[in-house]
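Fold and contact review
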Amino acid sequence: MFQKTRMVGAAALAAMLLAGSAMAADKLQLRAADYWDDHYPTVMGLKKMGELLAQRTNGRITLKVFSSGGLGTEKETLEQTKIGALDLVRVNISPMNNICEETIVPTLPFLFRSIDHMHKALDSAVGDEILASCAAKGYIGLAFYDSGARSVYAKKPIRTMADLKGLKLRVQQSDLWVSLAGAMGANATPMPMGEVYTGMRTGLVDAAENNIPSYESSKHYEVVKYYSKTEHSMAPEVVMFSKVVWDKLSPEDQKIIRQAAKDSVPAQRQFWADRDAASLKIVLAGGAQIVSDVDKKSFQDAMGPVYAKFVTTPKMKELVKRIQEIK
Ligand code: GTR
């Protein structure tokens with residue numbers, strides 16, 4: 001009896017150890033990068049995704065976020081993700097523009113009529129198709145995050161194209177952005193976000209463009225005080241997973257990761273809305289002026305050549321049309 005119990009006990013222990021080692025082998029710690037700090041809504045979105053992963057797998061899958069641009073510029077972290085040195089990355093969609101052409105579509109100037117229209121479009125099949133379009137380039141698009149609308153800020157108000165004429169406007173590293181800034185009347189200077197503060201201080205650039213939380217978090221409002229609501233693009237943020245890593249995961253884990261990213265979106269949108277309001281207060285208290293009487297139509301009317309140059313394939317044309325048709 002004693003003997004039998006001991007044997008059963010030993011077998012059970014062995015089985016437990018085996019199961020334990022299998023579990024340990026299955027443990028997956030994903031590594032993500034983001035330019036912003038831990039309190040910025042994009043990083044908070046990734047952390048929400050991590051929480052969901054841990055809850056849904058009893059801690060088997062976790063997500064560590066390397067924030068504050070610690071791993072490099074967005075271009076660099078995209079390269080690291082492509083080779084699998086990073087598992088995923090959160091970037092603005094703009095640095096994807098030169099990599100994967102359909103990401104140009106949601107970056108296009110004046111495409112979305114409102115935040116609500118942008119949400120509807122990105123939540124629809126159009127959004128999924130754009131996310132899926134980067135697989136051949138090494139990226140599995142998991143989700144779009146909110147980034148509001150981007151507007152120009154400078155040392156003077158920008159109400160018309162004439163106001164922007166000849167100004168050196170910092171843009172993201174994307175050919176579309178160079179063309180877009182040119183069509184708005186400015187001289188485009190592409191550079192990574194981390195260099196813009198010094199660039200503005202030293203006069204390397206006169207102006208930049210971004211949403212209010214970025215204008216605030218980057219402290220750019222300390223250097224240039226006029227934020228003019230051109231609202232020329234609603235280029236969203238995007239979460240991109242490394243395809244080389246993805247292809248090694250089980251279909252079950254792929255499903256769990258995809259779902260956790262999607263399910264982090266509503267929380268991220270709330271973090272965004274909260275931060276947008278809080279950032280506005282901070283920049284106003286810091287002496288920034290919000291210029292609302294901008295002749296947006298004059299900027300919008302100048303965008304024909306940008307569309308003609310960048311919306312080139314039948315697929316891109318179709319995506320633009322489907323977005324415009326969303327009510
Ligand atoms: C911000 C975005 C960053 C970065 C930045 C930029 O809105 O959150 O990821 O792309 O814009 O202008 O470079």
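Residues numbered from 1 in each chain as written. Predicted model: local features only at pLDDT ≥ 70, side-chain atom pairs only at ≥ 80, totals over all residues. Heavy atoms only, no water.

Time to look at the overall build of the protein. Secondary structure assignment for the protein yields 16 helices and 11 strands. Considering only C-alpha atoms, the protein reaches an extent of 95 × 45 × 35 Å along its principal axes. For the protein, buried positions account for 50% of its 327 residues. Taking the contacts inside the protein whose residues are at least 6 apart along the sequence as the reference set, 76% of them involve residues at least 24 apart. As displayed, the protein has an accessible area near 14,700 Å², and 57% of this comes from carbon and sulfur atoms. Of note, the protein has its 42 positive side-chain charges centred 2 Å away from the centre of its 36 negative side-chain charges. (Helix = DSSP H or I, 4+ residues; strand = E, 2+ residues; numbered from the N terminus. Buried < 20%, exposed > 50% of the residue type's maximum accessible area, 1.4 Å probe, protein only. Contact = heavy atoms within 4.5 Å. Areas by Shrake-Rupley, 256 points an atom, 1.4 Å probe, with all protein chains shown as cover. Lys, Arg positive; Asp, Glu negative; His and termini not counted. Charge placed at Lys NZ, Arg CZ, Asp CG, Glu CD.)

Now for the site of the ligand. Around the ligand, 13 residues are found, and the nearest of them are E74, R90, R170, N210 and E237. For the ligand, an oxygen atom lies 2.4 Å from a polar atom in the side chain of E74. One of the side-chain N or O atoms of Q172 is found 2.9 Å from an oxygen atom in the ligand. For the ligand, whose accessible area on its own is 320 Å², the fraction buried by protein is 98%. Residues of the shell around the ligand, tallied by class, amount to 2 nonpolar, 6 polar and 5 charged. (Near = heavy atom within 4 Å. Polar contact = N/O pair within 3.5 Å; in protein donor to acceptor, adjacent residues only side chain to side chain. Nonpolar A, V, L, I, M, F, W, Y, C, P; charged D, E, K, R; others polar.)

Looking now at the sheet that holds strand β2 (residues 61–66). Remark on secondary structure: sheet strands pair via backbone hydrogen bonds, oriented parallel or antiparallel. Read from one edge to the other, the open sheet built from 5 strands follows the order β2-β1-β3-β10-β4, with strand pairing classed as mixed. For this open sheet the edge positions go to β2 and β4 (139–145), each flanked by a neighbour on one side alone. Taken pair by pair, the neighbouring strands of this sheet meet at an average axis angle of 25°, ignoring direction. Relative to β2, strand β1 (residues 28–33) runs parallel, the two sharing 6 bridges. Following the sheet pairing, R31 is matched in β2 by K64. Across the face of the sheet, helix α3 (residues 74–83) comes into contact with β1, β3 (88–92), β4 and β10 (237–242) while running at roughly 150° to β3. (Pairing = 2+ DSSP bridges. Axes fitted to C-alpha atoms, helices over the stretch in contact; angles between N-to-C directions.)

This paragraph deals with the state of the cysteines. Per the counting criterion, the structure on display carries 1 disulfide. The disulfide that involves C100 links it to C134, with 2.2 Å between the sulfurs. Taking the sign of the torsion about the S-S bond as the criterion, the disulfide between C100 and C134, at about -85°, is left-handed. A residue pair is termed long-range when its members are at least 10 positions apart, and C100 in the loop between β3 and α4 (104–107) and C134 in the loop between α6 (125–132) and β4 qualify at 34 residues. (Disulfide = S-S within 2.5 Å.)

Bridging between strand β5 (residues 150–154) and strand β9 (residues 226–233) involves 4 bridges; their strand directions are antiparallel. Looking across to β9, one finds that A154 is bridged to Y226. For β9 and strand β11 (residues 289–291), the ladder comprises 3 bridges, and the chain directions are parallel. Looking across to β11, one finds that S228 is bridged to V291.

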